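Residue-level structure breakdown
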Amino acid sequence: GHAQGDEVLVQAAQTLKNAFRSNDIVCRMGGDEFLVFAPGMINRNTIEAKAHQLLVLSRHTLEADGKSVRVGMSIGIATYPEHGTTLEELSHKADKALYAAKDGGRSAFRVYS
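My aim in this report is to walk through the structure given alongside it, one point at a time. The model shown is predicted, which means the values in this text are computed figures rather than measured ones.

Thresholds applied
- Each chain carries its own residue numbering, running from 1 in the direction its sequence is written.
- Totals for whole chains, interfaces and linings use every residue, but because this is a predicted model, local features are given only for residues with pLDDT of at least 70 and side-chain atom pairs only at 80 or more, for both listing and counting.
- Calculated side-chain values reflect all of the structure's heavy atoms, with hydrogen atoms and water omitted.
- Strands here mean DSSP runs of E at least two residues long; helices mean DSSP runs of H or I at least four residues long; both are numbered from the N terminus.
- By the convention used here, residues are in contact when the closest approach between their heavy atoms is within 4.5 Å.
- In protein, a polar contact requires one atom able to donate a hydrogen and another able to accept it; more generally it is a pair of N or O atoms within 3.5 Å, and residues adjacent in sequence count only if both atoms are side-chain atoms.
- Fitted lines through C-alpha atoms give the axes, limited to the stretch in contact for helices. The angle between two N-to-C directions lies from 0 to 180 degrees.
- Handedness of each helix crossing follows the sense of rotation of the near helix against the far helix: counterclockwise by less than a right angle gives left-handed, clockwise gives right-handed.
- All residues other than Ala, Val, Leu, Ile, Met, Phe, Trp, Tyr, Cys, Pro, Asp, Glu, Lys and Arg, Gly among them, are scored as polar; the first ten of these are nonpolar and the last four charged.
- Expected helix span is given by 1.5 Å per residue-to-residue step, counting one fewer step than there are residues.
- Relative accessibility thresholds used throughout: buried, under 20% of the residue-type maximum; exposed, over 50%; partly exposed, between the two (1.4 Å probe, protein chains only).
- Comment: arc refers to directions from the helix axis out to C-beta atoms.
- We count a salt bridge whenever a side-chain nitrogen from Lys or Arg sits within 4 Å of a carboxyl oxygen from Asp or Glu.

A word on the environment of glutamate 63. Take glutamate 63: it is sitting in strand 3 (residues 61-64). Through-space distance from the C-alpha of glutamate 63 to that of threonine 85 is 39 Å; in sequence the pair is 22 residues apart. Residues contacting glutamate 63, with those up to four places away along its chain left out, are Glu7, Gln11 and Ser68. A polar contact of 2.9 Å, which involves the side chain of glutamate 63, links it to the side chain of serine 68.

Okay, structure coming up:
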C-alpha cells in the first residue's frame, strides 16, 4: 500500500544520504527517482565506484510495515562541466543515462554519452 511504499522511499533516501558526504545533496525528484548533487566529485573512477557501491547497497532487503521488501536501483550519471553547465542540462542528461540503465536490464548505472 501507499504507507509501505512511502516507508521504502524514506529508507531508500536514508541509504542514499548515508552513502554520500555531508555536503552532498540528495533529493527526491518524484516517484522513485532521486537526484544527488556531489560537488567536487570529479574523478570518473570515483563516481563509478560510488555508483557500484550504491548498487550493492540497494540489494539489501528493507523492512516496511513488518514485511521484507527487495528493491532495485538504476543510476544515471551526468558530470559538470562535461555534460552541461546548468541544472537543467545536467538533470536532462542524467535522466537520459538513467533510462539507458533501465533499458539495459536495471540494477545498473550508465554515464551519459
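Let us now look at the packing of helix 1 (residues 2-19) against helix 2 (residues 44-58). Contact pair helix 1 / helix 2: the axes reach a minimum separation of 11 Å and the direction vectors enclose 145°. Here helix 1 and helix 2 pass one another in a crossing that is right-handed. In this structure, helix 1 uses Thr15, Leu16 and Ala19 to contact helix 2, whose residues at the interface are Lys50, Gln53, Leu54 and Leu57. Here the contact of helix 1 with helix 2 is composed, by residue class, of 4 nonpolar, 2 polar and 1 charged.

Over its 15 residues, helix 2 runs 21 Å from end to end, which matches the ideal 21 Å to within 8%, given 1.5 Å per residue. For helix 2, the secondary structure elements touched by its buried residues are helix 1, strand 5 (75-77) and strand 6 (109-111). One side-chain oxygen at the N-terminal end of helix 2 lies 2.7 Å from the backbone nitrogen of asparagine 45; it belongs to asparagine 43.

Along its 18 residues, helix 1 runs 26 Å from first to last C-alpha, staying within 8% of the 26 Å computed at 1.5 Å per residue. Those residues of helix 1 lying buried are Val8, Leu9, Gln11, Leu16 and Ala19. End-on, the buried residues of helix 1 take up no more than an arc of 165°, which puts them together on one face. For helix 1, the exposed residues set more than 90 degrees away from the buried face come down to His2, Ala3, Val10, Lys17 and Asn18. Each element contacted by the buried residues of helix 1 is listed here: strand 1 (25-30), strand 2 (33-37), helix 2, strand 3 and strand 4 (67-70).

Here we take up the pattern of salt bridges. Summed over all chains, the structure comprises 3 salt bridges. Measuring nitrogen to oxygen at the nearest pair gives 3.7 Å for the salt bridge that ties lysine 102 to glutamate 33. Highlighted residues: lysine 102 in helix 3 (residues 87-103) and glutamate 33 in strand 2, separated in sequence by 69 residues. Exposure remark for lysine 102: the relative accessible area of 19% places this residue in the buried category. The residue glutamate 48 makes a salt bridge to arginine 44 at a minimum N-O spacing of 2.9 Å. Placement of both glutamate 48 and arginine 44 in helix 2 is noted, with a separation of 4 residues, approximately one turn of the helix. By relative accessible area, glutamate 48 is classed as partly exposed at 25%.

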